[in-house]
Amino acid sequence: MSCRSLADRIDALLPQTQCTKCGYDGCRPYADAIADGSAPINRCPPGGDDGIAALAVLLDTPILPLDATRGEPGPLLVARIDEAHCIGCTLCIQACPVDAIVGANKHMHTVLADWCTGCDLCVAPCPVDCIQMVPAGRAWNSQDAAISRQRHRSHLARTERLAADNARLMAPEAAAAPSASAPAADEARNEDRKRSAIESALARARARRNPTQS
């Protein structure tokens, strides 16, 4: 079995919540790390003990207790935005790994509850603390995981396209272009600032989740 196919099989057993509590930027990077032996199988709180047991069977390795520093398993939660206090900053939209939040700049945002994975990555970036995690009233299942995996891939592809577009706008030749391009360059700079704010907020959120990690 190749390392790649092993990573595919591991990824198929992960819940695809893309919560990053494992210390990686999503379920697939964690699967890759398990496959190459650089990460243990017990860092996924959403997968819980059942997920660890399934990975242990696949890899023919002993079952480990869940690493409690990564969080505790529990019922599925979903994000809820207090729309009366939402300022339309779009930071939560950009932080959501599965595009489960919709809205526009300076307009109210809302969460598509059926798409939300409960990752809570949208909570920390919100500058007005108007996002809460509430019980979903249902369990996460394999169909949810499959759909979430595809939405995450689409999210990553779009993010990469936007980054490439911004890089082209910020290139030296773009600076020498006619002044009509200035609004586009300003928008690119704004997107870069937003992305930096999100990355900083997510880093703080991960630090709070994993205080023992450097």
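Refer to the structure printed above.
About the cut-offs
Residues numbered from 1 in each chain as written. Predicted model: local features only at pLDDT ≥ 70, side-chain atom pairs only at ≥ 80, totals over all residues. Heavy atoms only, no water. Helix = DSSP H or I, 4+ residues; strand = E, 2+ residues; numbered from the N terminus. Buried < 20%, exposed > 50% of the residue type's maximum accessible area, 1.4 Å probe, protein only. Contact = heavy atoms within 4.5 Å. Core = buried A, V, L, I, M, F, W, Y, C linked by side-chain atoms within 4.5 Å. Expected span 1.5 Å × (residues − 1). Polar contact = N/O pair within 3.5 Å; in protein donor to acceptor, adjacent residues only side chain to side chain. Salt bridge = Lys/Arg side-chain N within 4 Å of Asp/Glu carboxyl O. Phe/Tyr/Trp six-rings, centres within 6.5 Å; stacked < 30°, edge-to-face > 60°. Lys NZ or Arg CZ within 6 Å of the ring centre and 35° of its normal.

Q: Give me the lowdown on the overall build of the protein chain, citing residues and values where you can.
A: When its secondary structure is counted, the protein chain shows 7 helices and 4 strands. Each helix and strand of the protein chain, placed in order from N terminus to C terminus, yields the pattern α-α-α-β-α-β-β-β-α-α-α. Relative to its 214 residues, the protein chain shows a buried fraction of 38%. Here the analysis covers contacts within the protein chain between residues at least 6 apart in sequence; of these, 60% occur between residues at least 24 apart.

Q: Could you give an account of the nonpolar core, with specific residues and numbers?
A: If you look at the biggest cluster of nonpolar residues, it comprises 18 residues, and the most contacted ones within it are Ile10, Leu14, Tyr30, Ile34, Ile41 and Leu55. Those elements giving two or more residues to this core turn out to be helix 1 (3–13), helix 2 (27–35) and helix 3 (48–59). The element best represented in this core is helix 2, accounting for 6 residues. Judged by nonpolar contacts, the second largest core, of 17 residues, contains Ala79, Ala100, Cys122 and Cys130.

Q: An account of the side chain of histidine 155 is needed here, citing residue identities and associated values.
A: Mapped onto the elements of the fold, histidine 155 is located in helix 5 (residues 142–169). Residue class for histidine 155 comes out buried when judged on its relative accessible area of 8%. If we ignore the near neighbours within four places in the chain, the residues touching histidine 155 are Gln94, Cys96, Pro97 and Asp99.

Q: How would you explain helix 5 if you had to name every residue and give the values?
A: Spanning 28 residues, helix 5 covers 41 Å between terminal C-alpha atoms, matching the ideal 40 Å at 1.5 Å per step. Those residues of helix 5 not exposed but buried are Asp144, Ala145, Ser148, Arg149, His152, His155 and Asn166. Two to three positions downstream of the cap, the backbone nitrogen of glutamine 143 sits 3.0 Å from a side-chain oxygen, assigning the N-cap of helix 5 to asparagine 141.

Q: Account for helix 2, naming residues and giving values.
A: Helix 2 sits mainly inside the fold: 7 of its 9 residues count as buried. When we look at burial in helix 2, the residues that qualify are Cys27, Arg28, Tyr30, Ala31, Ala33, Ile34 and Ala35. Positive backbone phi, at 85 degrees, marks glycine 37, one or two positions downstream of helix 2.

Q: Lay out the pattern of salt bridges with the relevant residues and their values.
A: In this structure the tally under the stated criterion is 7 salt bridges. With its nearest N and O atoms 3.1 Å apart, the salt bridge here joins arginine 28 to aspartate 32. Here arginine 28 and its partner aspartate 32 are both found in helix 2, 4 residues apart, which amounts to about one turn of the helix. With a closest N to O distance of 2.8 Å, arginine 158 and aspartate 99 form a salt bridge. Note that arginine 158 is positioned in helix 5 and aspartate 99 in the loop between helix 4 (91–95) and strand 2 (101–102), a separation of 59 residues in sequence.

Q: So what about the packing of aromatic side chains? Which residues, and what values?
A: The tally for this structure, following the rule as stated, stands at 1 aromatic pair. Between tyrosine 24 and tyrosine 30, the aromatic rings sit 5.8 Å apart at their centres with planes inclined by 25 degrees, giving stacked as the arrangement. A cation over a ring is seen here: arginine 151 above tryptophan 115, with NZ or CZ 3.7 Å from the ring centre.

Q: Now, about the side chain of aspartate 11: what can you tell me, with residues and values included?
A: Tracing the backbone through its elements, the reader meets aspartate 11 in helix 1. A polar contact of 2.9 Å, which involves the side chain of aspartate 11, links it to the side chain of arginine 149. Filtering out sequence-adjacent residues up to four positions away, aspartate 11 remains in contact with Gln16, Cys27, Arg28, Ala31 and Arg149.

Q: Summarise the environment of alanine 68; cite the residues concerned and give the values.
A: Of note, alanine 68 is situated in the loop between helix 3 and strand 1 (77–81). As a C-alpha pair, alanine 68 and asparagine 42 span 26 residues in sequence and 9.1 Å in three-dimensional space.

Q: Tell me about the environment of valine 111, and please be specific about residues and values.
A: Checked against the element boundaries, valine 111 lands in strand 3 (residues 110–111). With 30 residues separating them along the chain, valine 111 and isoleucine 81 place their C-alpha atoms 6.8 Å apart. When sequence neighbours within four positions are dropped, the list of residues in contact with valine 111 reads Ala79, Ile81, Ala100, Ile101 and Cys116.

Nothing here speaks to function; it is geometry throughout.
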